[in-house]
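# Understanding the architecture of this molecule
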Amino acid sequence: MAQRLDSAGLTFRQDYFGDPAGWTALVCLLEDIFGIDIGPLQQLGGPDPTSMPFGWFDAEGELAANISAFALPFVLNGRIAHAAGLQSGAVRPLWRGRGLYRDVTVKALDWCEKQGFEAVILYTDKPSLYEAYGFRAIPLHRYQGAAPAPSTPAAPARPLLPTNADDLALLQSLLKGRSPVSTSLAVTVNAAMFLINTQLDPDIRISFLEDRQAVIAWKTDETGRFSLLDVVAAEIPPLAVILGGLEITPASVEVLFRPDKLGWEAAPQPLEGGTRLMLRGLGDATPDFPAMLSPMAEF
């Protein structure tokens with residue numbers, strides 16, 4: 001039997017990102033529950049303009065439960081799916097067990113259907129929670145292999161700082177005109193998520209290849225492994241060009257999406273970790289080749 005809603009002492013609201021108090025309440029909720037600070041997003045262009053939050057607020061304006069939906073078109077097997085994403089799902093411990101999360105989830109999914117989205121995706125470490133709503137897990141794979149010989153760059157890459165006004169404007173422009181990084185599985189639009197992820201992980205480096213008008217999101221580790229997280233460009237440059245522009249010769253390479261546009265062959269490896277990508281809709285479709293969404297699209 002579905003859990004009955006007990007909303008005594010609470011007020012339901014939606015579409016409150018335009019209200020500074022409502023936005024601040026969400027920032028506090030996510031920081032308190034997950035230790036994630038999305039506050040800097042306001043200085044990076046603000047939340048996704050397509051976002052529609054659903055939440056229950058207490059009498060003091062604190063957000064007790066929230067989930068947010070937003071437009072997230074993505075490519076699956078060469079076809080663009082008119083899809084939505086769900087994110088920022090959380091309930092404060094004091095208010096759990098009252099059916100609030102189920103209520104906002106149902107409201108969000110109903111809104112997605114009324115908007116005409118053909119699919120909905122989300123990330124979760126509790127996949128069984130969403131199976132009841134028709135979601136299924138999509139197997140995710142990264143690629144790992146030897147580094148190609150770097151190409152001689154026309155000019156070396158330069159670092160970008162999203163907190164710098166000029167660099168932010170450049171990033172926003174390139175994000176608007178980006179091509180999907182893979183034909184198998186990739187988002188087509190994800191400006192807000194890309195920008196906030198640059199602030200959530202201090203190890204992520206953002207570099208600009210001016211001659212290719214390409215932004216590279218990458219990391220390295222103590223073993224000399226180069227991790228390519230994302231490429232933002234109208235035309236994706238080969239991996240050899242990326243490494244040449246960055247002026248590095250790594251011991252090994254991992255690419256956290258299918259590298260079908262990089263001119264580089266490597267073996268797929270199942271992605272380890274507890275977070276799963278869940279998909280609702282599109283029948284039983286899954287990537288035709290091992291693939292994953294870029295971590296810069298995680299939400």
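The following refers to the structure shown. (Residues numbered from 1 in each chain as written. Predicted model: local features only at pLDDT ≥ 70, side-chain atom pairs only at ≥ 80, totals over all residues. Heavy atoms only, no water.)

### Focus on the overall build of the protein
When helices and strands are counted, the protein shows 6 helices and 17 strands. By its C-alpha atoms, the protein is 65 × 40 × 35 Å across when sized along the principal axes. Relative to its full complement of 299 residues, the protein shows a buried share of 52%. Here the analysis covers contacts within the protein between residues at least 6 apart in sequence; of these, 73% occur between residues at least 24 apart. For the protein, the accessible area works out to roughly 13,600 Å², and carbon and sulfur atoms hold 50% of it. For the protein, the separation between the mean place of its 23 positive charges and that of its 34 negative charges on side chains is 5 Å. (Helix = DSSP H or I, 4+ residues; strand = E, 2+ residues; numbered from the N terminus. Buried < 20%, exposed > 50% of the residue type's maximum accessible area, 1.4 Å probe, protein only. Contact = heavy atoms within 4.5 Å. Areas by Shrake-Rupley, 256 points an atom, 1.4 Å probe, with all protein chains shown as cover. Lys, Arg positive; Asp, Glu negative; His and termini not counted. Charge placed at Lys NZ, Arg CZ, Asp CG, Glu CD.)

### Examining helix H2 (residues 100–114)
The end-to-end C-alpha distance of H2 is 21 Å, a good match for the 21 Å that 15 residues give at a rise of 1.5 Å each. For H2, the full list of buried residues reads Leu-100, Tyr-101, Asp-103, Val-104, Thr-105, Ala-108, Leu-109, Trp-111 and Cys-112. In the segment just after H2, Gly-116 is the residue with positive phi, at about 85°. (Expected span 1.5 Å × (residues − 1).)

### Considerations on helix H6 (residues 239–246)
With 8 of 8 residues buried, H6 is to be regarded as a mostly interior element. Of all the residues in H6, the buried ones are Leu-239, Ala-240, Val-241, Ile-242, Leu-243, Gly-244, Gly-245 and Leu-246. Of the surrounding elements, those touching the buried residues of H6 are strand E12 (205–209), strand E13 (214–220), strand E14 (225–232) and strand E15 (252–255).

### Brief notes about the pattern of salt bridges
A complete count under the given rule lists 15 salt bridges for this structure. For Asp-167, the salt bridge identified is with Arg-158, shortest N-O distance 3.3 Å. Looking at Arg-158, the relative accessible area reads 36%, which means it is partly exposed. Note that Lys-219 and Asp-201 form a salt bridge whose closest N and O atoms lie 2.6 Å from each other. A residue pair is termed long-range when its members are at least 10 positions apart, and Lys-219 in strand E13 and Asp-201 in the loop between helix H5 (191–200) and E12 qualify at 18 residues. Look at the salt bridges and you will find they share partners, linking Arg-142, Asp-221, Arg-225 and Glu-254 into a network. (Salt bridge = Lys/Arg side-chain N within 4 Å of Asp/Glu carboxyl O.)

### Quick notes on the pairing of strand E9 (residues 141–145)
Among the 5 residues of E9, 4 are classified as buried, and the element is accordingly described as predominantly covered. The pairing of E9 with strand E16 (residues 267–270) spans 4 bridges and is classified as antiparallel. When the sheet's bridge partners are listed, Tyr-143 is paired in E16 with Pro-268. Of the strand pairs in this sheet, E9 and E15 are connected by 3 bridges, and their pairing is antiparallel. Of the residues in E15, the one forming a bridge with Tyr-143 is Val-255. (Pairing = 2+ DSSP bridges.)

### So, the side chain of Arg-258
Of note, Arg-258 is situated in the loop between E15 and E16. Looking at Arg-258, the relative accessible area reads 17%, which means it is buried. Here the side chain of Arg-258 touches Ser-184 through a polar contact of 2.8 Å, side chain to side chain. (Polar contact = N/O pair within 3.5 Å; in protein donor to acceptor, adjacent residues only side chain to side chain.)

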